[in-house]
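The lines below spell out each chain.
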Amino acid sequence: MATLKDVAQKAGVNISTASRALNGNGNISKITKENIRRIAKELNYIPNANARILAGKNSHMIGIIVPETNSDYFSKMINTLEISLQIHDYYLLISNTQYQSENEQKILETFINYNIDGVFLSCTVDTDRLSKYQILLNSNHIPLIALDARQPGAICSQINVDDTSGMVASIQYLLHKGHKSIGYLGDYIIKETLREDFFKEALSRCGLHPDDHPTFTHPTMRFEQAGYEGMKYFLSLPQHPTAYLAGYDDIAIGAMRAVSEAGLRIPEDIAIIGNDNGRAGDFLTKRLTTLAPPVEKMAQIGVDLMLDSIRSKDLSITHNIFLKPELIIRETT
């Protein structure tokens, strides 16, 4: 493997000049700089990251902690972060907690050992834990930005989706369509992200009593199966809601199958609204009405704030931003 010394020797310059040319630093002529970079490319020279770190330079790595990676929501977030960071020569190190909160501290400590330049956290955590992570990272001069962590009382920068406003829009739309009873379908994981609580808060904002609008949270199943079983439960009741909000699109898709198997029509008999605007929703036999949280915009704002913090080295400035989801009306309502 070629070294910086090999590049310098072939270019006829000292090691310091070669290093400054490759890093874009120093008063070096354009011709010399281009020649050194051409030689480095010919020799397949790769800068030593450990050497950069020991020299006190940035690692150009940003960590993100997510609870899972097998959902449209987090894959959109990760993809946008990666694309946006790479434009600025930063790269993303991804770690998954599998919804196990005890993994967060271990991951953060590992990131610190890797001399990470910044951390995104996208897990629903309580204010005390988030504040503790902020103190840990601040003591190591590492900025922390929480993406949809839903703790406005914490001291770090946060960018959150205003789920309640989206559910208010959904409920108002369903009421306008003539529905009197609205149910909620969730699972044991999405309950932890507070979407069921946001549903109840949205009902109150619309002047409805939450006790009059039932919820079902599957205690063991997730995704389509949770929605399928949840809707079967509702349809087994003597009286059931005629409209439903689902915790996320996969749950809505499972619920749609249960409605079809019961011989009922969507949306004439049962209306369903999903959440997250996943890829599949627009390609179903009945295109899914859904809430579209601005995940890509949230990630882009996060990158902008992160790079500002890294460049300014000022961790005292924090932001608390809320973004509203969009109700996309299709064929299931």
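Right, let's walk through the structure included here. Owing to the predicted nature of the structure, the values given are computational and were not obtained by experimental measurement.

### Concerning the nonpolar core
1) Next: Core analysis: the largest hydrophobic core is formed by 38 residues, its most contacted members being Met167, Ile171, Leu185, Phe199, Met231, Leu245 and Ile272.
2) Next: Elements that contribute at least two residues to this core include exactly α8 (163–176), β6 (182–187), α10 (195–205), α11 (223–235), β8 (243–246), α12 (249–261) and β9 (271–275).
3) Next: Sort the elements by how many residues they give to this core and α12 lands first, with six residues.
4) Next: When sequence neighbours within four positions are dropped, the list of residues in contact with phenylalanine 199 reads Met167, Ile171, Ile182, Gly183, Tyr184, His213, Thr215 and Leu245.
5) Next: By size, the runner-up hydrophobic cluster in this structure holds 26 residues, among which are Met77, Met298, Ala299 and Leu323.

### Looking at the environment of threonine 217
1) Next: Within the fold, threonine 217 resides in strand β7 (residues 215–218).
2) Next: The exposure class assigned to threonine 217 is partly exposed, which follows from its relative accessible area of 23%.
3) Next: Considered as a pair, threonine 217 and aspartate 162 are 55 residues apart in the sequence and their alpha carbons are 21 Å apart.
4) Next: Excluding its chain neighbours within four sequence positions, the residues that come into contact with threonine 217 are Gly186, Asp187, Tyr188, Lys191 and Glu196.

### Focus: helix α7 (residues 127–138)
1) Next: Over its twelve residues, α7 runs 16 Å from end to end, which matches the ideal 16 Å to within 8%, given 1.5 Å per residue.
2) Next: For α7, every residue scored as buried is listed here: Leu130, Ser131, Tyr133, Gln134 and Leu137. Along the axis of α7, the buried positions cluster into a sector of 160°, meaning they face one direction only. In α7, the exposed residues that point more than 90 degrees away from the buried face are Asp128 and Ile135.

### Let's talk about the pattern of salt bridges
1) Next: Applying the stated criterion across every chain, the model contains 14 salt bridges.
2) Next: For lysine 10, the salt bridge goes to glutamate 42, with nearest N and O atoms at 3.7 Å. Of this pair, lysine 10 sits in helix α1 (residues 4–11) while glutamate 42 is found in helix α3 (residues 30–42), placing the two residues 32 residues apart along the sequence.
3) Next: A salt bridge links aspartate 163 to arginine 195, with the shortest nitrogen-to-oxygen separation between them at 3.3 Å. Separated by 32 residues along the polypeptide, aspartate 163 in helix α8 and arginine 195 in helix α10 bring together distant segments of the chain.
4) Next: Residue class for arginine 195 comes out buried when judged on its relative accessible area of 3%.

What counts and what doesn't
Residues numbered from 1 in each chain as written. Predicted model: local features only at pLDDT ≥ 70, side-chain atom pairs only at ≥ 80, totals over all residues. Heavy atoms only, no water. Core = buried A, V, L, I, M, F, W, Y, C linked by side-chain atoms within 4.5 Å. Buried < 20%, exposed > 50% of the residue type's maximum accessible area, 1.4 Å probe, protein only. Helix = DSSP H or I, 4+ residues; strand = E, 2+ residues; numbered from the N terminus. Contact = heavy atoms within 4.5 Å. Expected span 1.5 Å × (residues − 1). Arc of directions from axis to C-beta. Salt bridge = Lys/Arg side-chain N within 4 Å of Asp/Glu carboxyl O.

So, to be careful, I would describe these as geometric facts and stop short of saying anything about function.
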